[in-house]
Amino acid sequence: MEKITLDAMQNFIVDNELTDSIAISLHPESFDELVLDYLDANGLLLQRPFEILGIEILQDVTGFVARNEVKLLGVA
């Protein structure tokens, strides 16, 4: 993804027909930018866990996800 925004993430989820059996992991900077975009669009309200269209969005803590990259994780 060129830049991870709320609109781009929603399009990615719909285009790839993701279900709640998948979570998305993002680089910490990409995650922070997405959260700020989400807060701006939703009047400073953030749900926990952080989800977009029912897909959980996680911040990568492993250091393996590059900035502006989306990593799909299977959810048990």
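It should be noted that the structure appears before, not after, this text.
Here we summarise the structure given alongside this text. Everything numeric here is computed off the predicted structure, so don't read it as measured data.

1. A look at helix α2 (residues 28–41)
Note that an α-helix has 3.6 residues per turn; residues three or four places apart therefore point the same way.
Working step 1: Between its first and last C-alpha, α2 extends 20 Å over 14 residues, near the 20 Å set by a 1.5 Å rise per residue.
Working step 2: Where α2 is buried, its residues meet α1 (6–15), β1 (22–26), β2 (51–52) and β3 (55–59).
Working step 3: Just downstream of α2 lies G43, where phi reads positive at about 60 degrees.

2. Considering the environment of K71
Working step 1: Along the chain, the position of K71 falls in strand β4 (residues 70–74).
Working step 2: Residue classification places K71 among the partly exposed positions, given a relative accessible area of 38%.
Working step 3: Between the alpha carbons of K71 and F31 there is a distance of 12 Å; along the sequence they are 40 residues apart.
Working step 4: If sequence neighbours within four positions are ignored, K71 has contacts with A23, I24, S25 and V65.

3. Notes on the packing of aromatic side chains
Working step 1: Counted by the stated rule, this structure contains two aromatic pairs.
Working step 2: With 5.8 Å between their ring centres and 85 degrees between their planes, F31 and F50 make a pair best called edge-to-face. Note that F31 is positioned in helix α2 and F50 in the loop between α2 and β2, a separation of 19 residues in sequence.
Working step 3: F50 sits in the buried class, given a relative accessible area of 3%.
Working step 4: Taken together, a centroid distance of 5.1 Å and an interplanar angle of 80 degrees make the contact between Y38 and F50 edge-to-face. One end of the pair, Y38, is in helix α2; the other, F50, is in the loop between α2 and β2, and 12 residues separate them in sequence.
Working step 5: Classification of Y38 as buried rests on a relative accessible area of 10%.

4. Digging into α1
Working step 1: Residues L6, M9 and I13 constitute the buried set of α1. The buried residues of α1 all sit within an arc of 65 degrees when viewed along its axis, so they share a single face. The exposed residues of α1 that point more than 90 degrees off its buried face are D7, V14 and D15.
Working step 2: Residues of α1 that are buried in the fold lie against β1, α2, β2, β3 and β4.
Working step 3: Count one or two residues on from α1 and you reach E17, which has phi positive near 50 degrees.

Rules used in this analysis
- Residues numbered from 1 in each chain as written.
- Predicted model: local features only at pLDDT ≥ 70, side-chain atom pairs only at ≥ 80, totals over all residues.
- Heavy atoms only, no water.
- Helix = DSSP H or I, 4+ residues; strand = E, 2+ residues; numbered from the N terminus.
- Expected span 1.5 Å × (residues − 1).
- Contact = heavy atoms within 4.5 Å.
- Buried < 20%, exposed > 50% of the residue type's maximum accessible area, 1.4 Å probe, protein only.
- Phe/Tyr/Trp six-rings, centres within 6.5 Å; stacked < 30°, edge-to-face > 60°.
- Arc of directions from axis to C-beta.

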